Amino acid sequence: MGINKPGQINFAQAAMKLRAYIALMLLLVFFSFSIPNFLTPLSIITMIRHVALNAIVAIGVTFVILTGGIDLSVGSIIGFCGMIAGGLIYEGLNLKFLGITIYFSIPMVILITVILGVLIGLFNGILVTKFNVTAFIATMGSMYIFRGLGMLRSDGRTFPHLIGSPELKNTGFPLLGAGRLLGIHYTIWIMIVLIVIAVYLAKKTPFGRYIYAVGGNENAAKLSGIQVAKVKTIAFMISGGCAAMVGLIITSELVAAHPATGTSYEMNAIAATVLGGTSLAGGRGSIGGAVLGAFVIGILNDGMVMMGVSSFWQTVIKGVVIVLAVIFDQMQNRGTVKTVRKQKAKQGV
(Lines give C-alpha, C1' and ligand atoms only; values in the text may rest on other atoms or scores of the structure.)
Protein backbone atom coordinates (compact mmCIF):
# COMPACT_ATOMS: atom_id res chain seq x y z
CA MET A 1 0.00 0.00 0.00
CA GLY A 2 2.84 2.40 0.92
CA ILE A 3 4.48 1.80 -2.47
CA ASN A 4 1.36 2.59 -4.48
CA LYS A 5 0.41 5.76 -2.65
CA PRO A 6 3.00 8.10 -4.20
CA GLY A 7 2.11 6.79 -7.65
CA GLN A 8 -1.56 7.41 -6.99
CA ILE A 9 -0.85 10.98 -5.89
CA ASN A 10 1.27 11.61 -8.99
CA PHE A 11 -1.42 10.18 -11.24
CA ALA A 12 -4.08 12.35 -9.59
CA GLN A 13 -1.92 15.46 -9.92
CA ALA A 14 -1.19 14.68 -13.56
CA ALA A 15 -4.88 14.16 -14.29
CA MET A 16 -5.66 17.48 -12.56
CA LYS A 17 -3.10 19.32 -14.68
CA LEU A 18 -4.45 17.71 -17.84
CA ARG A 19 -8.10 18.28 -16.96
CA ALA A 20 -8.69 20.68 -19.87
CA TYR A 21 -7.27 18.19 -22.39
CA ILE A 22 -9.36 15.39 -20.89
CA ALA A 23 -12.53 17.52 -20.91
CA LEU A 24 -11.90 18.58 -24.52
CA MET A 25 -11.39 14.99 -25.70
CA LEU A 26 -14.52 13.81 -23.89
CA LEU A 27 -16.60 16.61 -25.40
CA LEU A 28 -15.33 15.91 -28.90
CA VAL A 29 -16.07 12.20 -28.58
CA PHE A 30 -19.53 12.78 -27.06
CA PHE A 31 -20.66 15.37 -29.62
CA SER A 32 -19.17 13.39 -32.52
CA PHE A 33 -21.43 10.47 -31.67
CA SER A 34 -24.44 12.63 -30.73
CA ILE A 35 -24.42 15.13 -33.62
CA PRO A 36 -24.20 14.13 -37.32
CA ASN A 37 -21.44 15.99 -39.19
CA PHE A 38 -20.17 17.60 -35.98
CA LEU A 39 -16.55 17.51 -37.14
CA THR A 40 -17.02 18.59 -40.75
CA PRO A 41 -14.55 21.27 -41.96
CA LEU A 42 -17.26 23.96 -42.05
CA SER A 43 -18.43 23.07 -38.54
CA ILE A 44 -14.86 23.09 -37.19
CA ILE A 45 -14.11 26.52 -38.71
CA THR A 46 -17.34 27.93 -37.28
CA MET A 47 -16.53 26.57 -33.82
CA ILE A 48 -12.98 27.95 -33.92
CA ARG A 49 -14.36 31.39 -34.84
CA HIS A 50 -16.64 31.26 -31.82
CA VAL A 51 -13.83 29.94 -29.61
CA ALA A 52 -11.55 32.76 -30.77
CA LEU A 53 -13.74 35.38 -29.08
CA ASN A 54 -13.62 33.65 -25.69
CA ALA A 55 -9.93 32.86 -26.15
CA ILE A 56 -8.98 36.50 -26.80
CA VAL A 57 -10.83 37.64 -23.66
CA ALA A 58 -9.34 34.75 -21.68
CA ILE A 59 -5.81 35.77 -22.73
CA GLY A 60 -6.28 39.18 -21.16
CA VAL A 61 -8.02 37.87 -18.07
CA THR A 62 -5.23 35.32 -17.55
CA PHE A 63 -2.66 38.07 -17.01
CA VAL A 64 -4.87 39.61 -14.31
CA ILE A 65 -5.56 36.29 -12.57
CA LEU A 66 -1.85 35.38 -12.64
CA THR A 67 -1.23 38.46 -10.46
CA GLY A 68 -3.84 37.21 -7.99
CA GLY A 69 -6.56 39.56 -9.25
CA ILE A 70 -9.83 39.18 -11.14
CA ASP A 71 -11.51 41.17 -13.91
CA LEU A 72 -15.30 41.11 -13.96
CA SER A 73 -15.56 44.14 -16.24
CA VAL A 74 -14.48 42.56 -19.55
CA GLY A 75 -18.05 41.79 -20.68
CA SER A 76 -19.08 45.41 -20.16
CA ILE A 77 -15.92 46.65 -21.88
CA ILE A 78 -16.87 44.51 -24.89
CA GLY A 79 -20.33 46.11 -25.04
CA PHE A 80 -19.15 49.66 -24.33
CA CYS A 81 -16.29 49.59 -26.84
CA GLY A 82 -18.59 48.07 -29.46
CA MET A 83 -20.98 50.98 -28.92
CA ILE A 84 -18.19 53.52 -29.22
CA ALA A 85 -16.96 51.97 -32.47
CA GLY A 86 -20.52 51.71 -33.79
CA GLY A 87 -21.22 55.34 -32.91
CA LEU A 88 -18.06 56.57 -34.61
CA ILE A 89 -19.03 54.77 -37.81
CA TYR A 90 -22.78 55.45 -37.72
CA GLU A 91 -22.86 59.10 -36.68
CA GLY A 92 -19.22 60.16 -36.33
CA LEU A 93 -17.77 62.35 -33.60
CA ASN A 94 -20.03 65.37 -33.26
CA LEU A 95 -18.14 68.45 -32.03
CA LYS A 96 -21.11 70.71 -31.36
CA PHE A 97 -19.03 73.60 -30.07
CA LEU A 98 -17.24 73.73 -33.43
CA GLY A 99 -20.29 72.85 -35.49
CA ILE A 100 -18.56 69.94 -37.20
CA THR A 101 -18.77 66.14 -37.28
CA ILE A 102 -15.63 64.06 -37.76
CA TYR A 103 -15.75 60.64 -39.42
CA PHE A 104 -12.75 58.37 -38.93
CA SER A 105 -11.34 55.70 -41.22
CA ILE A 106 -11.90 52.11 -40.06
CA PRO A 107 -8.24 51.59 -38.98
CA MET A 108 -8.57 54.74 -36.84
CA VAL A 109 -11.86 53.51 -35.36
CA ILE A 110 -10.17 50.22 -34.43
CA LEU A 111 -7.17 52.01 -32.92
CA ILE A 112 -9.32 54.44 -30.93
CA THR A 113 -11.49 51.61 -29.60
CA VAL A 114 -8.57 49.43 -28.52
CA ILE A 115 -6.91 52.41 -26.80
CA LEU A 116 -10.19 53.08 -25.02
CA GLY A 117 -10.23 49.48 -23.75
CA VAL A 118 -6.63 49.86 -22.54
CA LEU A 119 -7.57 53.09 -20.73
CA ILE A 120 -10.49 51.34 -19.01
CA GLY A 121 -8.00 48.69 -17.90
CA LEU A 122 -5.79 51.52 -16.61
CA PHE A 123 -8.79 52.84 -14.66
CA ASN A 124 -9.30 49.40 -13.09
CA GLY A 125 -5.60 49.15 -12.29
CA ILE A 126 -5.58 52.54 -10.56
CA LEU A 127 -8.60 51.59 -8.46
CA VAL A 128 -6.84 48.42 -7.34
CA THR A 129 -3.30 49.74 -6.82
CA LYS A 130 -3.72 53.39 -5.86
CA PHE A 131 -6.99 53.29 -3.95
CA ASN A 132 -6.51 49.75 -2.56
CA VAL A 133 -9.92 48.57 -3.74
CA THR A 134 -10.03 44.79 -4.05
CA ALA A 135 -10.02 43.67 -7.69
CA PHE A 136 -13.36 41.92 -7.27
CA ILE A 137 -15.14 45.09 -6.07
CA ALA A 138 -13.26 47.46 -8.39
CA THR A 139 -14.05 45.50 -11.54
CA MET A 140 -17.61 44.79 -10.43
CA GLY A 141 -18.10 48.54 -10.14
CA SER A 142 -16.53 49.02 -13.58
CA MET A 143 -18.81 46.33 -14.94
CA TYR A 144 -21.87 48.38 -13.98
CA ILE A 145 -20.31 51.73 -14.93
CA PHE A 146 -19.41 50.79 -18.48
CA ARG A 147 -22.52 48.74 -19.11
CA GLY A 148 -24.51 51.82 -18.10
CA LEU A 149 -22.37 54.13 -20.23
CA GLY A 150 -22.90 51.82 -23.19
CA MET A 151 -26.65 52.19 -22.70
CA LEU A 152 -26.36 55.98 -22.36
CA ARG A 153 -24.32 56.23 -25.56
CA SER A 154 -27.45 55.52 -27.62
CA ASP A 155 -30.25 55.65 -25.02
CA GLY A 156 -30.33 51.85 -25.20
CA ARG A 157 -30.75 51.75 -28.98
CA THR A 158 -28.73 49.82 -31.55
CA PHE A 159 -26.38 51.40 -34.07
CA PRO A 160 -27.45 49.44 -37.19
CA HIS A 161 -26.05 48.85 -40.66
CA LEU A 162 -22.43 49.72 -39.91
CA ILE A 163 -21.13 49.54 -43.48
CA GLY A 164 -19.99 53.16 -43.62
CA SER A 165 -20.06 55.44 -46.64
CA PRO A 166 -17.60 55.82 -49.52
CA GLU A 167 -18.02 59.60 -49.34
CA LEU A 168 -16.98 59.58 -45.68
CA LYS A 169 -14.17 57.08 -46.35
CA ASN A 170 -15.22 54.82 -43.47
CA THR A 171 -16.24 51.64 -45.30
CA GLY A 172 -14.88 48.14 -44.73
CA PHE A 173 -15.76 47.56 -41.08
CA PRO A 174 -17.64 44.25 -41.76
CA LEU A 175 -14.38 42.78 -43.10
CA LEU A 176 -12.94 42.60 -39.58
CA GLY A 177 -15.49 39.96 -38.59
CA ALA A 178 -16.12 38.32 -41.95
CA GLY A 179 -12.92 38.83 -43.97
CA ARG A 180 -10.39 36.07 -44.69
CA LEU A 181 -6.67 35.78 -45.26
CA LEU A 182 -5.42 32.60 -46.95
CA GLY A 183 -8.90 31.16 -46.46
CA ILE A 184 -8.83 31.69 -42.69
CA HIS A 185 -11.05 34.28 -41.01
CA TYR A 186 -9.40 37.40 -39.63
CA THR A 187 -10.87 36.56 -36.22
CA ILE A 188 -8.80 33.37 -36.07
CA TRP A 189 -5.67 35.19 -37.26
CA ILE A 190 -6.16 37.81 -34.56
CA MET A 191 -6.46 35.06 -31.95
CA ILE A 192 -3.27 33.38 -33.21
CA VAL A 193 -1.29 36.63 -33.23
CA LEU A 194 -2.45 37.52 -29.71
CA ILE A 195 -1.59 34.02 -28.45
CA VAL A 196 1.95 34.32 -29.84
CA ILE A 197 2.41 37.79 -28.33
CA ALA A 198 0.94 36.76 -24.97
CA VAL A 199 3.05 33.58 -24.73
CA TYR A 200 6.17 35.59 -25.56
CA LEU A 201 5.30 38.19 -22.90
CA ALA A 202 4.59 35.55 -20.28
CA LYS A 203 7.58 33.28 -20.95
CA LYS A 204 10.35 35.37 -22.51
CA THR A 205 10.20 38.82 -20.90
CA PRO A 206 10.93 40.25 -17.44
CA PHE A 207 7.30 41.41 -17.31
CA GLY A 208 6.17 37.79 -17.56
CA ARG A 209 8.45 36.79 -14.69
CA TYR A 210 7.14 39.72 -12.65
CA ILE A 211 3.54 38.63 -13.29
CA TYR A 212 4.21 35.19 -11.82
CA ALA A 213 6.26 36.63 -8.96
CA VAL A 214 3.52 39.07 -7.96
CA GLY A 215 0.87 36.34 -8.04
CA GLY A 216 3.08 33.86 -6.21
CA ASN A 217 4.04 36.13 -3.32
CA GLU A 218 3.31 39.84 -3.55
CA ASN A 219 5.32 40.80 -0.46
CA ALA A 220 8.37 38.89 -1.66
CA ALA A 221 8.00 40.54 -5.07
CA LYS A 222 8.02 43.99 -3.44
CA LEU A 223 11.11 43.12 -1.40
CA SER A 224 12.90 41.97 -4.55
CA GLY A 225 12.35 45.37 -6.14
CA ILE A 226 9.44 44.56 -8.46
CA GLN A 227 7.03 47.45 -9.03
CA VAL A 228 3.94 45.50 -8.05
CA ALA A 229 1.46 48.31 -8.72
CA LYS A 230 2.84 48.84 -12.22
CA VAL A 231 2.74 45.12 -13.04
CA LYS A 232 -0.88 44.78 -11.86
CA THR A 233 -1.95 47.89 -13.75
CA ILE A 234 -0.39 46.68 -17.00
CA ALA A 235 -2.15 43.34 -16.56
CA PHE A 236 -5.51 45.13 -16.32
CA MET A 237 -4.61 47.25 -19.37
CA ILE A 238 -3.90 44.10 -21.40
CA SER A 239 -7.22 42.66 -20.29
CA GLY A 240 -9.06 45.83 -21.29
CA GLY A 241 -7.38 45.92 -24.70
CA CYS A 242 -8.27 42.28 -25.42
CA ALA A 243 -11.90 42.89 -24.42
CA ALA A 244 -12.07 45.96 -26.68
CA MET A 245 -10.82 43.89 -29.62
CA VAL A 246 -13.56 41.32 -29.03
CA GLY A 247 -16.10 44.15 -28.88
CA LEU A 248 -14.90 45.29 -32.31
CA ILE A 249 -15.05 41.78 -33.77
CA ILE A 250 -18.57 41.05 -32.51
CA THR A 251 -19.84 44.44 -33.69
CA SER A 252 -18.25 43.82 -37.09
CA GLU A 253 -19.78 40.34 -37.38
CA LEU A 254 -23.24 41.69 -36.54
CA VAL A 255 -22.69 44.87 -38.61
CA ALA A 256 -24.45 46.52 -35.68
CA ALA A 257 -23.64 47.67 -32.17
CA HIS A 258 -25.87 46.89 -29.19
CA PRO A 259 -25.13 47.92 -25.57
CA ALA A 260 -25.96 44.43 -24.22
CA THR A 261 -23.17 42.84 -26.28
CA GLY A 262 -20.63 40.89 -24.22
CA THR A 263 -22.99 39.77 -21.46
CA SER A 264 -21.55 36.75 -19.58
CA TYR A 265 -18.22 36.88 -21.43
CA GLU A 266 -16.46 37.59 -18.15
CA MET A 267 -17.73 34.30 -16.72
CA ASN A 268 -16.73 32.36 -19.84
CA ALA A 269 -13.25 33.89 -19.73
CA ILE A 270 -12.72 33.18 -16.04
CA ALA A 271 -14.03 29.62 -16.44
CA ALA A 272 -11.74 29.03 -19.44
CA THR A 273 -8.74 30.43 -17.58
CA VAL A 274 -9.28 28.36 -14.44
CA LEU A 275 -10.25 25.25 -16.38
CA GLY A 276 -6.96 25.63 -18.27
CA GLY A 277 -4.97 25.39 -15.04
CA THR A 278 -4.56 29.00 -13.93
CA SER A 279 -4.92 29.33 -10.17
CA LEU A 280 -7.37 31.91 -8.85
CA ALA A 281 -4.83 32.54 -6.10
CA GLY A 282 -2.34 33.70 -8.73
CA GLY A 283 1.20 32.71 -9.60
CA ARG A 284 0.35 29.53 -11.52
CA GLY A 285 -1.03 29.04 -15.02
CA SER A 286 -0.34 29.62 -18.69
CA ILE A 287 -1.71 31.34 -21.76
CA GLY A 288 -1.87 28.02 -23.60
CA GLY A 289 -3.96 26.53 -20.81
CA ALA A 290 -6.40 29.45 -20.94
CA VAL A 291 -6.81 29.05 -24.71
CA LEU A 292 -7.38 25.32 -24.26
CA GLY A 293 -10.00 26.11 -21.62
CA ALA A 294 -11.65 28.50 -24.09
CA PHE A 295 -11.88 25.62 -26.59
CA VAL A 296 -13.62 23.52 -23.95
CA ILE A 297 -16.15 26.27 -23.17
CA GLY A 298 -16.66 27.13 -26.84
CA ILE A 299 -17.18 23.56 -28.02
CA LEU A 300 -19.52 22.91 -25.09
CA ASN A 301 -21.59 25.97 -26.07
CA ASP A 302 -21.74 25.09 -29.78
CA GLY A 303 -22.38 21.42 -29.10
CA MET A 304 -25.34 22.19 -26.85
CA VAL A 305 -26.78 24.60 -29.43
CA MET A 306 -26.42 22.00 -32.20
CA MET A 307 -28.12 19.41 -30.00
CA GLY A 308 -31.01 21.78 -29.38
CA VAL A 309 -30.42 22.02 -25.63
CA SER A 310 -32.63 24.66 -24.02
CA SER A 311 -30.89 27.98 -23.41
CA PHE A 312 -31.98 27.69 -19.77
CA TRP A 313 -30.19 24.36 -19.41
CA GLN A 314 -27.19 25.79 -21.22
CA THR A 315 -26.93 28.44 -18.50
CA VAL A 316 -27.21 25.79 -15.78
CA ILE A 317 -24.54 23.59 -17.38
CA LYS A 318 -22.11 26.50 -17.84
CA GLY A 319 -22.63 27.38 -14.19
CA VAL A 320 -21.80 23.81 -13.20
CA VAL A 321 -18.65 23.95 -15.35
CA ILE A 322 -17.52 27.15 -13.61
CA VAL A 323 -18.10 25.62 -10.16
CA LEU A 324 -16.25 22.43 -11.13
CA ALA A 325 -13.37 24.48 -12.55
CA VAL A 326 -12.98 26.30 -9.23
CA ILE A 327 -13.24 23.04 -7.27
CA PHE A 328 -10.50 21.47 -9.41
CA ASP A 329 -8.39 24.60 -8.94
CA GLN A 330 -8.70 24.30 -5.15
CA MET A 331 -7.89 20.59 -5.28
CA GLN A 332 -4.79 21.29 -7.38
CA ASN A 333 -3.71 24.04 -4.95
CA ARG A 334 -4.06 21.66 -2.00
CA GLY A 335 -2.14 18.98 -3.87
CA THR A 336 0.66 21.43 -4.64
CA VAL A 337 0.86 22.56 -1.01
CA LYS A 338 1.02 18.97 0.22
CA THR A 339 3.79 18.15 -2.27
CA VAL A 340 5.84 21.17 -1.19
CA ARG A 341 5.42 20.24 2.49
CA LYS A 342 6.55 16.67 1.83
CA GLN A 343 9.59 17.90 -0.06
CA LYS A 344 10.48 20.24 2.79
CA ALA A 345 9.99 17.44 5.31
CA LYS A 346 12.33 15.17 3.34
CA GLN A 347 14.93 17.93 3.25
CA GLY A 348 14.54 18.45 6.97
CA VAL A 349 13.33 22.05 6.59
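Residues numbered from 1 in each chain as written. Predicted model: local features only at pLDDT ≥ 70, side-chain atom pairs only at ≥ 80, totals over all residues. Heavy atoms only, no water.

Honestly, the overall build of the protein chain in this entry has me stumped. Any pointers?
A tally of regular secondary structure across the protein chain gives 14 helices and four strands. Since a compact globule built from 349 residues should have a radius of gyration of about 20 Å, the 22 Å found for the protein chain is in line with a globular shape. Along the first, second and third principal axes, the C-alpha set of the protein chain runs to 80 × 55 × 35 Å. For the protein chain, contacts bridging at least 24 residues in sequence account for 76% of all contacts bridging at least 6. Counting every atom, the protein chain has about 17,500 Å² of accessible surface; 70% of that belongs to carbon and sulfur. Within the protein chain, one finds 25 positive and 9 negative side-chain charges whose respective centroids are separated by 17 Å. (Helix = DSSP H or I, 4+ residues; strand = E, 2+ residues; numbered from the N terminus. Rg over C-alpha atoms; globule rule 2.2 N^0.38 Å. Contact = heavy atoms within 4.5 Å. Areas by Shrake-Rupley, 256 points an atom, 1.4 Å probe, with all protein chains shown as cover. Lys, Arg positive; Asp, Glu negative; His and termini not counted. Charge placed at Lys NZ, Arg CZ, Asp CG, Glu CD.)

Just checking my understanding: could you explain the pattern of salt bridges for this structure?
When the charged atoms of two side chains with opposite charge come close together, those side chains can pair. Evaluated as defined, the whole model comprises five salt bridges. The salt bridge partner of Glu 91 is Arg 153, with a shortest N-O separation of 2.9 Å. Placement of Glu 91 in the loop between helix 4 (74-90) and strand 1 (93-95) and of Arg 153 in helix 6 (residues 135-154) is noted, with a sequence separation of 62 residues between them. On the accessibility criterion, Arg 153 (27% relative accessible area) is partly exposed. Among the ionic pairs, Asp 155 bridges to Arg 157, the shortest N-O distance being 3.9 Å. Like Arg 157, Asp 155 is exposed. Put simply, Glu 218, Lys 222 and Lys 232 are held in one network by salt bridges that share partners. (Salt bridge = Lys/Arg side-chain N within 4 Å of Asp/Glu carboxyl O. Buried < 20%, exposed > 50% of the residue type's maximum accessible area, 1.4 Å probe, protein only.)

Which parts of the structure should I look at to understand helix 11 (residues 228-254)?
Helical geometry: 3.6 residues make up each α-helical turn, so side chains three or four residues apart lie on a common side. The first and last C-alpha atoms of helix 11 sit 40 Å apart over 27 residues, in line with the 39 Å expected at 1.5 Å per residue. For helix 11, the buried fraction is high: 21 of the 27 residues fall into the buried class. (Expected span 1.5 Å × (residues − 1).)

Explain the packing of aromatic side chains here, please?
When we look at a pair of aromatic rings, we describe it by the centre distance and by the angle of the planes. The final tally for this structure, using the stated rule, is six aromatic pairs. Taking 5.5 Å as the distance between ring centres and 40 degrees as the angle between the ring planes, the aromatic pair formed by Phe 31 and Phe 38 counts as tilted. When sorted by exposure, Phe 31 lands in the same class as Phe 38, which is buried. Seen in terms of ring centroids, Phe 123 and Phe 146 are 6.2 Å apart; in terms of plane orientation they differ by 80 degrees. Their pairing is edge-to-face. Here the residue Phe 123 occupies a position in helix 5 (residues 106-129), and Phe 146 occupies one in helix 6, the gap between them amounting to 23 residues. Residue class for Phe 123 comes out partly exposed when judged on its relative accessible area of 34%. Owing to a relative accessible area of 9%, Phe 146 belongs among the buried residues under this scheme. Following the ring pairs from residue to residue traces out a cluster consisting of Phe 30, Phe 31 and Phe 38. (Phe/Tyr/Trp six-rings, centres within 6.5 Å; stacked < 30°, edge-to-face > 60°.)

Explanation requested: the packing of helix 3 (residues 41-66) against helix 13 (residues 287-307) in the structure shown.
Between two packed helices, the angle of one axis relative to the other and the distance separating the axes together describe the packing. Where helix 3 contacts helix 13, the axes come no closer than 7 Å and their chain directions differ by 135 degrees. By the angle between their directions, the pair helix 3 and helix 13 is classed as oblique. Where helix 3 crosses over helix 13, the handedness of that crossing is right-handed. Touching Ser 43, Thr 46, Met 47, Ile 48, His 50, Val 51, Asn 54, Ala 55, Ala 58, Ile 59, Thr 62 and Phe 63 of helix 3 are Ile 287, Ala 290, Val 291, Ala 294, Phe 295, Ile 297, Gly 298, Ile 299, Asn 301, Asp 302 and Met 306, all from helix 13. Along the lines of polarity and charge, the residues of the contact of helix 3 with helix 13 split into 15 nonpolar, seven polar and one charged. (Axes fitted to C-alpha atoms, helices over the stretch in contact; angles between N-to-C directions. Parallel < 35°, antiparallel > 145°, perpendicular 65-115°, else oblique. Left-handed = near helix turned anticlockwise from the far one by under 90°. Nonpolar A, V, L, I, M, F, W, Y, C, P; charged D, E, K, R; others polar.)

Help me understand the nonpolar core in this model?
For soluble globular proteins, nonpolar side chains are generally found buried alongside one another. Val 57, Ile 59, Phe 63 and Val 246 are the most contacted members of the largest nonpolar core, which totals 89 residues. Among the elements that take part in this core, helix 3 stands out by supplying 14 residues, more than any other. Other than its neighbours up to four places away in sequence, Val 246 contacts Leu 53, Ile 56, Val 57, Ile 78 and Tyr 265. (Core = buried A, V, L, I, M, F, W, Y, C linked by side-chain atoms within 4.5 Å.)

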